[in-house]
Amino acid sequence: MLRTNPHYARMGKSYLFAEIAHRVEAFRKAHPGTGVISMGIGDVTQPLVPSVIRALHAAVDDMGSPDAFHGYGPEQGYAFLREAVALEYAARGVSISPDDIFISDGAKCDLGNFQELFAPDVSIAVTDPVYPVYVDSNCMAGRGGTWTEHGWSGIRYLPCTAENGFAPVPPEKAPDVIYLCSPNNPTGTALDRASLGEWVRYARSSGMLIMFDSAYECFIDDTEGDIPHSIYEIPGADEVAVEFRSFSKSAGFTGLRCAYAVVPANLKAGGKGRLHDMWARRQTTKYNGCPYIVQKAAEAACSPEGRGETAAVVNIYRNNAALMRGTLNALGLTVYGGIHAPYLWVRTPRGMDSWDFFQFLLDRAAVVGTPGSGFGPSGEGYARLTAFSSPADTREAMTRLTDALKQA
């Protein structure tokens, strides 16, 4: 008889966003014809920019030519894209070797898969609230322990609350691995240079590995220049940190799928160079590479023209976030985030818990948010709203939300 992975049985049956989709589908069936506006899952709505479209067409033509056809590509990614990514780092004064860049089909995949390199008994810490993939992937590997009212017993949660400015504080006893996300999903806040520098110094002194998710760095407001776009802007970070980035939000590739992990050969965790070599081994065994067509599109997004076009799209989402912040603040709600990130972290009103407020938004305004409790114990009493809707839908959603709260 087949024995299955017992750690799955300890987990909930439904991933957070699958549960949201289930509830939204039930609402649609009960209210046919009602236009639901999604501000829940962080999916983009604006089309791909012209330079990317041209690159896609040219790459498709390549695939129809005997001389330009591409079959299996290098699992680490084509050199043209790795070199383009390295130049993007260089533009911010960060030296990254193309050999340390691994192209993939999604940061979510990389973040979930990288834990395969860790021993079963390593200690894991996450910020709380937290992007669920960090926790769930480690629970699937058996590191979660048992579920309690305070989260998983085997995972160390570092509370990020309004009281500490949503900035995690290094614990007295260092874990083996910490997951940091800045700008943060879900709170929309970002670590400044001093805070991130403290984590790098802490990791260097303790031997801890930092898993740094910077998927939303393109949203950072550079007015004051105090928010690093990359952890490698902090001296010594290449010895203690792996960085994960994606084209999903910066270039609208949620449907194309392209991302990359930077795994420096200089990493000391596990032995110098060990994690770099292990990740290369893992990828060459389990992954056949991001499609040539998609990588050519990503290369175009890294070009000067592409960067200008995609920045204009990112500004659309920034403007949405500004409108949302203004509307919610005018309604008397307490709002965090939405400046350096496309996410707004909203305190639920009138004593509602997170799922009650989710249902209130859906039933009374036909607007979908994400309950904060789905991101960890410290997320209770909050909701995450995303700024990725179209400008028209964003305005309509804010009108509906205003009416619903005034009539409640």
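Quick look at the structure, then.

Parameters at a glance
Residues numbered from 1 in each chain as written. Predicted model: local features only at pLDDT ≥ 70, side-chain atom pairs only at ≥ 80, totals over all residues. Heavy atoms only, no water. Salt bridge = Lys/Arg side-chain N within 4 Å of Asp/Glu carboxyl O. Helix = DSSP H or I, 4+ residues; strand = E, 2+ residues; numbered from the N terminus. Buried < 20%, exposed > 50% of the residue type's maximum accessible area, 1.4 Å probe, protein only. Pairing = 2+ DSSP bridges. Axes fitted to C-alpha atoms, helices over the stretch in contact; angles between N-to-C directions. Contact = heavy atoms within 4.5 Å. Phe/Tyr/Trp six-rings, centres within 6.5 Å; stacked < 30°, edge-to-face > 60°. Lys NZ or Arg CZ within 6 Å of the ring centre and 35° of its normal. Right-handed = clockwise from strand over helix to strand, strands pointing away. Core = buried A, V, L, I, M, F, W, Y, C linked by side-chain atoms within 4.5 Å. Lys, Arg positive; Asp, Glu negative; His and termini not counted. Polar contact = N/O pair within 3.5 Å; in protein donor to acceptor, adjacent residues only side chain to side chain. Left-handed = near helix turned anticlockwise from the far one by under 90°. Nonpolar A, V, L, I, M, F, W, Y, C, P; charged D, E, K, R; others polar. Parallel < 35°, antiparallel > 145°, perpendicular 65-115°, else oblique.

This part is about the pattern of salt bridges. The tally for this structure, following the rule as stated, stands at 14 salt bridges. The shortest N-O distance in the salt bridge between Glu19 and Arg23 comes to 3.0 Å. Of the two residues, Glu19 and Arg23 are both situated in helix H2 (residues 16-30); the distance of four residues between them amounts to about one turn of the helix. For Arg204, the salt bridge is made with Glu239, and the minimal N-O distance between the two is 2.7 Å. Remark: Glu239 occurs in the loop between strand E8 (209-213) and strand E9 (241-246) and Arg204 occurs in helix H7 (residues 193-206); sequence separation between them is 35 residues. Overall, the relative accessible area of 43% leaves Arg204 in the partly exposed class. Counted as one network, the salt bridges with shared partners bring together Glu116, Arg282 and Lys286.

For the rest of this paragraph, the subject is the sheet that holds strand E7 (residues 177-181). Spatial strand order, E2-E10-E9-E8-E7-E3-E6: seven strands in an open sheet with mixed pairing. Only two strands of the sheet have a single neighbouring strand rather than two, namely strand E2 (101-104) and strand E6 (155-159). Each neighbouring strand pair of the sheet contributes to a mean axis angle of 20°, computed without reference to strand direction. In this sheet, strand E10 (residues 259-262) lies alongside E2 in antiparallel orientation, the contact comprising four bridges. When the bridges of E10 are listed, Ile101 appears paired with Val262. Packing of helix H4 (residues 79-90) onto the sheet brings it into contact with E2, E9 and E10, and relative to E2 it is tilted by some 120°.

Here the focus is the packing of aromatic side chains. Taken as a whole, this structure holds 24 aromatic pairs when the rule is applied. Summarising the aromatic geometry, the rings of Phe166 and Tyr382 are spaced 6.3 Å apart at their centres and angled 80° between planes, so their arrangement reads as edge-to-face. One end of the pair, Phe166, is in the loop between E6 and E7; the other, Tyr382, is in strand E15 (residues 382-386), and 216 residues separate them in sequence. Pair check on accessibility: Phe166 and Tyr382 agree, each one buried. Taken together, Phe166, Tyr336, Trp345, Phe375 and Tyr382 form an aromatic cluster joined through their ring pairs. Lying over the aromatic face of Phe80, Lys296 brings its terminal NZ or CZ to 4.4 Å of the ring centre. In this arrangement the basic side chain of Arg347 is found over the ring face of Tyr382, its NZ or CZ atom lying 4.7 Å from the centre.

Here we take up the pairing of E7. Each regular strand shows side chains that alternate between the opposite faces of the sheet. With five of its five residues buried, E7 lies for the most part within the structure. Pairing analysis gives three bridges linking strand E3 (residues 124-128) to E7, with the strands arranged parallel. Looking at the pairing, Ile124 lines up with Val177 of E7. Taken together, the five bridges between E7 and E8 define a ladder with parallel strand orientation. Residue Val177 lies in a different strand from E8, and its bridge partner there is Leu209. Handedness of the β-α-β unit built from E7, H7 and E8 comes out right-handed.

Ranked by size, the top nonpolar core spans 59 residues in total, and within it Leu81, Ile210, Ile231, Tyr232, Phe247 and Cys258 carry the most contacts. Excluding anything up to four places from it in sequence, Cys258 contacts Leu81, Ile103, Ser104, Asp105, Ser246, Phe247, Ser248, Phe253, Cys290, Val294 and Ala298. Met11, Tyr134, Trp152 and Leu275 belong to the second-largest nonpolar core, a separate cluster that totals 31 residues.

By the secondary structure assignment, Asp110 is in helix H5 (residues 107-114). Although Asp110 is buried, it forms no salt bridge, and the closest oppositely charged side chain is Arg282 at an N-O distance of 6.4 Å. Here Ser104 takes part through its side chain, which lies 2.7 Å from a polar atom of the side chain of Asp110. Sequence-distant contacts of Asp110, defined by excluding residues within four places in its chain, comprise Ser104, Phe244, Tyr260, Ala261, Trp279 and Gln283.

Here we take up the sheet that holds E15. Note on sheets: strands pair through backbone hydrogen bonds, and any given pair is parallel or antiparallel. Sheet architecture is open: four strands sit in the order E11-E12-E15-E14, paired in antiparallel fashion. Of all strands in the sheet, those with a lone pairing partner are strand E11 (335-337) and strand E14 (370-371), marking the two edges.

What follows deals with the packing of H2 against helix H12 (residues 354-365). For the pair H2 and H12, interaxial distance at closest approach is 11 Å and the crossing angle is 35°. Where H2 crosses over H12, the two elements pack in a sense that is right-handed. Residues Leu16, Glu19, Ile20, Arg23, Val24 and Phe27 of H2 lie in contact with H12, whose contacting residues are Trp355, Phe358, Gln359, Leu362 and Asp363. A class-by-class count of the residues in the contact of H2 with H12 yields seven nonpolar, one polar and three charged.

Attention now moves to the packing of helix H3 (residues 50-63) against helix H11 (residues 304-330). Running from N to C, H3 and H11 point in directions that differ by 130°, and their axes come no closer than 8 Å. What the angle tells us is that H3 and H11 run oblique. Residues Pro50, Ser51 and Arg54 of H3 touch H11, and the partners they reach there are Glu305, Gly306 and Glu309. Within the contact of H3 with H11, the residues separate by chemical class into one nonpolar, two polar and three charged.

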